[in-house]
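Single-letter residue listing:
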Amino acid sequence: MIVRRILERVAGMVVVVWGAATAAFLVLKLVPGDPVDVMLGVSAQASPELKQSIRAELGLDQPLIVQYLSYLARLVRGDFGTSYQLRLPVTDVIGQQLGYTLQLAAASLAIALVIALVGAVLVHGRASRGIFSVLELLAISSPPFWIGLVLLSIFAFGLGWFPVAGADGIQSLVLPAVTIALPVAGILGQVLRTGLEDAEEQPFVTTARARGAGSARLVLRHTLRHAAIPALTLAGYIVGSLLGGAVVVESVFARPGLGRVALAAITNRDLPVVMGIIVFTAIVFVLVNLVVDLAYRAVDPRIETPTTAIRGAR
Amino acid sequence: MTENREVVRVSGLTVRFGQTVVVDSVSLSVAAGECLAIVGESGSGKTLTARALLGLLPDGASVDVDELVIDGVDARSNSERDWRHLRGARVGLVSQDALVSLDPLRRVGAEVAEVIEIHGAPGSGERMPRAGIADTVTGLLARVAVPEPADRARQYPHELSGGLRQRALIASALAGEPGILIADEPTTALDVTVQAQVLDLLSRLRAAGLGIIMISHDLAVVAGVADRVAVMKDGRIVEEGTTTEVLSNPQHPYTQMLLAAAPRLGDGPFADRVAARRRSPSIEITPGGLDTAARGPLDQRESAPLLHATGLGRDFRRHDGSLRSAVDDVSLTVHAGASIGVVGESGSGKTTLARLLLGFDDPDRGSVSLDGRDWSGVSERRRRSRRGEIQLISQDPLGSFDPRYTVARIVAEGLRGDARRRSSEKPAARIRQLLESVGLDVSLEGRRPHELSGGQRQRVAIARALASEPRILVCDEPVSALDVSIQATIIDLLDALRRDLGVALVFVSHDLAVVAQLCDEVLVMRDGRVLERGATDHVFRHPEHPFTRALVAAVPRMPSSDRHHAPDEPSR
Amino acid sequence: MRGWARGRLGLVAAVFLLLIVVAMAVAPWIFTPLDPLATDTSQVLRPPGWGHPFGTDQTGRDVFTRVVYGASYSLGVGVGATAAALVVGIVVGTLAGLAPRVIDGVAMRGVEILLAFPEFLIALFAIAVLGPGPVNVATAVGVAALPAYIRVARAETLVVRRAGYVEAARGLGVHPLRVAVAHIVPNTLRPLGVIATIGIGTTIVAAAGLSFLGLGPQDPTPEWGLLLSGGRNLLGQAWWVAFFPGVLITLTVVSATVVGRRLRRAGEGRRS
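Cut-offs applied
- Residues numbered from 1 in each chain as written.
- Chains lettered and ligands numbered in written order.
- Predicted model: local features only at pLDDT ≥ 70, side-chain atom pairs only at ≥ 80, totals over all residues.
- Heavy atoms only, no water.
- Helix = DSSP H or I, 4+ residues; strand = E, 2+ residues; numbered from the N terminus.
- Buried < 20%, exposed > 50% of the residue type's maximum accessible area, 1.4 Å probe, protein only.
- Contact = heavy atoms within 4.5 Å.
- Areas by Shrake-Rupley, 256 points an atom, 1.4 Å probe, with all protein chains shown as cover.
- Pairing = 2+ DSSP bridges.
- Axes fitted to C-alpha atoms, helices over the stretch in contact; angles between N-to-C directions.
- Salt bridge = Lys/Arg side-chain N within 4 Å of Asp/Glu carboxyl O.
- Polar contact = N/O pair within 3.5 Å; in protein donor to acceptor, adjacent residues only side chain to side chain.
- Nonpolar A, V, L, I, M, F, W, Y, C, P; charged D, E, K, R; others polar.
- UniProt positions renumbered as here; feature names shortened; annotations may be inferred.
- Phe/Tyr/Trp six-rings, centres within 6.5 Å; stacked < 30°, edge-to-face > 60°.
- Lys NZ or Arg CZ within 6 Å of the ring centre and 35° of its normal.
- Expected span 1.5 Å × (residues − 1).
- Patch = residues over 30% accessible without salt bridge, like charges linked within 9 Å, V, L, I, M, F, W, Y side chains within 5 Å.
- Domains from an automatic or database assignment.
- Buried area = accessible area lost by both parts, 1.4 Å probe.
- pLDDT = per-residue confidence, 0-100.
- Core = buried A, V, L, I, M, F, W, Y, C linked by side-chain atoms within 4.5 Å.
- Disulfide = S-S within 2.5 Å.
- Parallel < 35°, antiparallel > 145°, perpendicular 65-115°, else oblique.
- 1 Å grid on protein atoms, 1.4 Å probe; cavity = no way out; pocket = protein on both sides within 12 Å on 5 of 7 lines; lining within 4 Å.
- Points joined across faces, edges and corners; volume = space filled by probe spheres on them.

Points about the overall build of chain C
- A count of helices and strands for chain C gives nine helices and zero strands.
- Counted from the first residue to the last, chain C has its helices and strands arranged as α-α-α-α-α-α-α-α-α.
- Projected onto the principal axes, the alpha-carbon positions of chain C cover approximately 75 × 45 × 30 Å.
- Within the span of chain C, comprising 272 residues, buried residues form 54% of the whole.
- Summarising the internal contacts of chain C: among those between residues at least 6 apart in sequence, 70% fall at separations of at least 24.
- Working note: accessible area of chain C is about 11400 Å², and carbon and sulfur atoms make up 70% of it.

Right, dumping it as structure tokens:
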């Protein structure tokens, strides 16, 4: 049973990645314009013969299905193709920049978790949650690029505490990480706080209080675990905010990273890089979902498939 | 009464929310080894009274009390910190449904151990080592008769049966060895046989010297356990006395009404009781206004059955892939104007059977015919025009109403679905007539479902069902969610419909007493099979199958007026 | 009354703000006599003050005027893209929810694959396909929002389909089509409408983000995201150029969210 479940799970993950790869391939084949022109640059005046030979070299003269199959075959081997623009393997392009973005994402997540947890635990069920909920709302609603600009003008241009741009050292990481973290902290804090408040209305809390449990014990031993369940459902959204935020924030703070690569590839129509990033994101999300599922099981012992009817009694 | 020391003494307890008084100068006392029952309907203030004894009133409640002594401690001016020292150590709480009253994310053992972790070892208050706590937990679970207590302690609440869960909850309340246990509807969520076991456990704990305050809506449940009964209404105790006195010779009209409304086994013929109750104008019903002439009276029973089910079976797959028969080889015949009860505990297959009869689900084996024609085997398209003949009254009428609809529109949907409607009348007039016939004020027709009381909702559901002029009503626990006084009026209404309109009733219930009141014939189900069937009176008086016998024996009984017996000598 | 944002005061303020933004989008000339494109070399980088409440930019254009005129594009994209995504989402989601299991399963696998990606990345990839431009930005954010609406529409349909009142209607012999029209669709629309109200805010932010990255309208068009990105290079000297457009975006999104949440609570109150 367990082996079968794991196999089903892995198969599901492969299907998602395959689907994303196929969609990326199909859609990007529909993009108007000749990739060879992109490769050579707008100004280049290449002869039709040269273009033809490049096309043959890249396999672009083959029928679509052949191109697709060889694309899949290369993907399986971990070969994402070569960037038109940078003339480097896509894996290298992504690999070089991955570190910067991971650093940023990890720092943002840590900051967001600390703000959200501390805020939710301190404030839930108290009068001060009103002010807190307004702060949450502002953090969720503000566009990250604007938060970045405000932080820049206060802390970099105004106070000069942090560098304006670049990626050297912890100093340069603070403002970009806070920029991404604030909206994430807003939504996470809100979900944790309402989760705690909802859990406190459950009958088992009355039972625990009737045993003499104090509020610290209630939160740590009982309600925080319940609040963690809705927070876990947000994991996908949060990772999305971290990656999407990276695109914008890396641009605002002129930091290197995957986001900059993606933006450049999109503006320049560097299709292999775009496809590579799409497949990479799909893999990230499949892994995140796997981790979230495992975390659900760890937190909530009740998760089990219920008895189902044989036929569609829906 | 015993000379035992008092474990609770309260006088002049008043609880307010703003200007509203919800508990009004309540006084009570309980001695060690004594059980006091507080009985009342929803909104009577009984639960708030109990919570006040734990200092656990909801935010916004203000308390005035002249005297409040809990297990020898004056708790009048307790701070939250003082209350925490009392809770668990001197007073324990057992609430209704252990599935939600135990933390579902924690192991049973951890829940039982929590009191000891907080207060230390009972008596000494010293911190206990982990191993010591584990042994104590096992001992506590064994004390409340949980089998294999060490294994159960490692399981989660949802992995235990309802009865075991409730025992574990009791064990967790006993862990600090409190002098007083507050049990708030401790058996309401349980099957009747399990309920009997839990009540028995509480009796034994009381006999061992524990003081118990039991909160209940059900006089019969209380009758076997309590030494004294306090009846609450609108925040006041309207009557208090020994259980025998209150139940056999009630003084206050409200207590008399509660006793009259409570369904019970082994009473005289149903008709007498109804007739007696009809004299009170508050529960009058008006079946008039319905088109009775077209139906023919009850006693002209046609020989052909209305509904006929043979060898019904329905299987579901468990998540490990094996098959479970929810309904197995059930046959059933319903004639016009008949009333058939289907009784069983949870999981017995009675609801699945109801769905098969209604054609909401198709049987894997056997067949159902309605009015002599095939019903279970035909397509939904062909069933649709005949659906008006057989209607469902469910336990949850609110869920069966579109929340956007008004009462009039809800009932109108029944008219529209009725293909056999003689369209001589205006729909609006017909709707009013239907509302009147179920005893609803016509002024309610513009209300939305969430603005109605529980009893009104069930009446609207019945009116909608009647709109399509059904010949059979399938009632699935239609009164389980209602207070007893409301329960009685709905049962009267259903009975009147049967007698006056000749509508047949298939009445599915876990409550034997309700079925005994209403049904001529009864089927006892267990694990999807019919164990026993026959005339209701006969089956309940002389049950043959051992399970039926256990079921009947487990039903809580009130001492009847002519046969006094002391409550401290339980009959079991 | 749980907190300020849920109070009546918050709701009134939110509705008022939304009305102002709508007025800005429909009739910007009410708010400002100036031309959003008019440059004035004598008024370069003036800080906020009389005459220029939000200051001026490096070519002397009035930031307030440009913010006011920017409302029409941002609000148009927010409302238009959300409405389009909502309609398509309802149709596809409801059909999937009512369809036989096989079709539903296939459709939902597809939606799940799309849902694996964050909305902003989908919008970016859509721009990669469509190419930059103001209309393409609107399409891209609409496409990005779509999977969520499909999923919610389907989930709501499945919930409502199992609701007691649908079974009750079936039990009364009501035709399935009538059940769908009278009960299922109206009861799924309410939660979807609420999500869409909040979604307008998300869409405005996403569209402004794409413009900010230079993928949408180009200078000198007054568009909120573009105004911000123009202000980025002036942060050292003129904070106001980037600050005020961001304030407007945030206030608009906050207002839409407050109204949406109020609608949701009204819906929940009615349900229970």
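Examining the overall build of chain B
- A tally of helices and strands in chain B yields 21 helices and 21 strands.
- Counting across all 572 residues of chain B, residues that qualify as buried make up 56%.
- Long-range pairs, those at least 24 residues apart, make up 69% of the contacts in chain B between residues at least 6 apart in sequence.

Notes on the sheet that holds strand β13 (residues 323-334) of chain B
All names here are of chain B.
- Strand order in the open sheet made by the four strands is β13-β12-β15-β16, with antiparallel pairing throughout. Looking at the sheet topology across the chains shown, the edges are occupied by β13 and β16 (373-374).
- In this sheet, strand β15 (residues 365-370) lies alongside strand β12 (residues 307-317) in antiparallel orientation, the contact comprising five bridges. Bridge pairing in β15 places L307 opposite L370.
- Strands in contact with helix α13 (residues 350-358) are β12, β13 and β15; relative to β12, the strand with the most contacts, it is inclined by about 125°.

Things to note about the interface of chain B and chain C
- Between chain B and chain C, the contact holds 23 residues from the first and 21 residues from the second.
- In this structure, the connection of chain B to chain C is made through two salt bridges.
- Across the pair E380 of chain B and R170 of chain C runs a salt bridge whose closest N-O atoms are separated by 3.3 Å.
- At the boundary of chain B and chain C, one finds 12 residue pairs in polar contact (both at pLDDT 80 or more).
- Ranked by residues supplied to the side of chain B that touches chain C, first place goes to helix α15 (residues 407-416) of chain B with three residues.
- Here the side of chain B that touches chain C is built from residues that sort into five nonpolar, eight polar and 10 charged.

A closer look at the UniProt feature "transmembrane region" (unreviewed entry) in chain C
All names here are of chain C.
- Annotation from UniProt places "transmembrane region" (unreviewed entry) at residues 73-99, 111-129, 135-152, 192-217 and 237-260.
- In residues 73-99, helix accounts for 96% and strand for 0%; the two terminal C-alpha atoms are 38 Å from one another.
- With 100% helix and 0% strand, residues 135-152 has end C-alpha atoms that lie 26 Å from one another.

Brief notes about the packing of aromatic side chains
- Going through the model one piece at a time under the given rule, you end up with 11 aromatic pairs over all chains.
- Seen in terms of ring centroids, F243 of chain C and F244 of chain C are 5.3 Å apart; in terms of plane orientation they differ by 80°. Their pairing is edge-to-face.
- Taken together through their ring pairs, the aromatic side chains of W146 of chain A together with F54, F64, W239, W240, F243 and F244 of chain C make up a single cluster.
- Over the ring of W375 of chain B we find R383 of chain B, and its NZ or CZ is 5.7 Å from the ring centre.

Comments concerning helix α6 (residues 129-141) of chain A
- Here α6 of chain A spans 18 Å end to end across 13 residues, near enough to the 18 Å set by a 1.5 Å rise per residue.
- Every buried residue of α6 of chain A is listed here: R129, G130, F132, S133, V134, E136, L137, A139 and S141 of chain A.

Remarks on a nonpolar patch on the surface
- On the surface, a nonpolar cluster with roughly 410 Å² of combined accessible area is contributed by V87, V88, V91, V92 and L95 of chain C.
- Relative accessible area serves as the criterion here: at 34%, V92 of chain C is assigned to the partly exposed category.

With respect to the domain arrangement of chain B
- The domains assigned to chain B are domain 1 (98-177) and domain 2 (305-400 + 469-554).
- Domain 1 of chain B and domain 2 of chain B are separated by 39 Å when their C-alpha centres are compared.

With respect to the interface of chain C and chain A
- In this complex, chain C contributes 46 residues to the contact, which on the side of chain A involves 51 residues.
- Around 4100 Å² of area is buried between chain C and chain A when both sides are counted, 74% of it from carbon and sulfur atoms.
- For the pair chain C and chain A, the number of links is zero salt bridges.
- The tally of links from chain C across to chain A stands at three residue pairs in polar contact (both at pLDDT 80 or more).
- Those elements that place two or more of their residues in the side of chain C that touches chain A are α3 (101-115), α4 (119-130), α5 (134-161), α7 (176-212), α8 (224-232) and α9 (240-271) of chain C.
- For the side of chain C that touches chain A, the element with the most residues is α9 of chain C, which contributes 11 residues.

A look at the confidence of the model for chain B
- For chain B, per-residue confidence averages 85 on the pLDDT scale, and 89% of positions sit at 70 or higher.
- Every residue in residues 268-301 of chain B scores below 50 in pLDDT, and together they form 48 contacts with partners more than four places removed in sequence or on other chains.

Overview of the nonpolar core
- Core analysis: the largest hydrophobic core is formed by 133 residues, its most contacted members being Y71 of chain A together with L124, L210, L213 and I249 of chain C.
- It is helix α13 (residues 271-299) of chain A that provides the largest number of residues to this core, a total of 14 residues.
- Excluding its chain neighbours within four sequence positions, the residues that come into contact with L124 of chain C are V247 and I266 of chain A together with L210, L213 and L215 of chain C.
- Residues V115, L160, L174 and L201 of chain B belong to the second largest nonpolar core, which totals 56 residues.

Description of the state of the cysteines
- Overall, the coordinates contain zero disulfides over all chains when judged by the stated rule.
- Counting only cysteine sulfurs, C519 of chain B is the nearest neighbor of C475 of chain B, a cysteine outside any disulfide, at a range of 8.6 Å.

Observations regarding unusual backbone geometry
- Look at the link from D219 of chain C to P220 of chain C: it is a cis peptide, with omega at 10°.
- Residue placement: P220 of chain C occurs in the loop between α7 and α8.
- Within the chain, A254 of chain A stands out as a residue other than glycine whose phi angle is a positive 50°.
- In this fold, A254 of chain A is placed in the loop between α11 (235-252) and α12 (258-268).
- Phi at D234 of chain B takes a positive value of approximately 50°, unusual for a residue other than glycine.
- On the accessibility criterion, D234 of chain B (57% relative accessible area) is exposed.

A few points about the sheet that holds strand β18 (residues 472-476) of chain B
Residue and element names in this part refer to chain B.
- In spatial order, the strands read β17-β18-β19-β14-β20-β21; together these six strands make up an open sheet with mixed pairing. The sheet terminates laterally at β17 (390-393) and β21 (529-535), the two strands that pair on one side only. In this sheet, neighbouring strand axes are inclined to one another by 15° on average, regardless of whether the strands run parallel or antiparallel.

Topic: the packing of helix α9 (residues 203-210) of chain A against helix α10 (residues 215-233) of chain A
Residue and element names in this part refer to chain A.
- Packing of α9 against α10 leaves a shortest axis separation of 11 Å and a crossing angle of 175°. By the angle between their directions, the pair α9 and α10 is classed as roughly antiparallel. Contacts between α9 and α10 involve F204, V205, A208 and R209 from the first element and L218, H222, T223 and H226 from the second.
- Grouping the constituent residues of the contact of α9 with α10 by class yields four nonpolar, three polar and one charged.

Regarding the confidence of the model for chain C
Residue and element names in this part refer to chain C.
- Residues with a pLDDT of 70 or more make up 95% of chain C, whose mean pLDDT is 83.
- At the level of individual helices and strands, chain C shows its lowest average pLDDT in α3, which scores 77, and its highest in α5, which scores 89.
- Note that pLDDT drops below 50 for residues 1-5; the model gives that stretch 14 contacts with residues more than four away or on any other chain.

Regarding empty space enclosed by the protein
- Under the counting rule described, the total for this entry stands at nine cavities of 30 Å³ or more.
- Here the largest cavity is characterised by a volume of approximately 110 Å³.
- Residue lining of the largest cavity: T101, L243, A246, V247, L258, G259, A262, I277, F280 and T281 of chain A together with L121 of chain C, and that is the complete set.
- For the lining of the largest cavity, the secondary structure elements donating two or more residues are α11, α12 and α13 of chain A.

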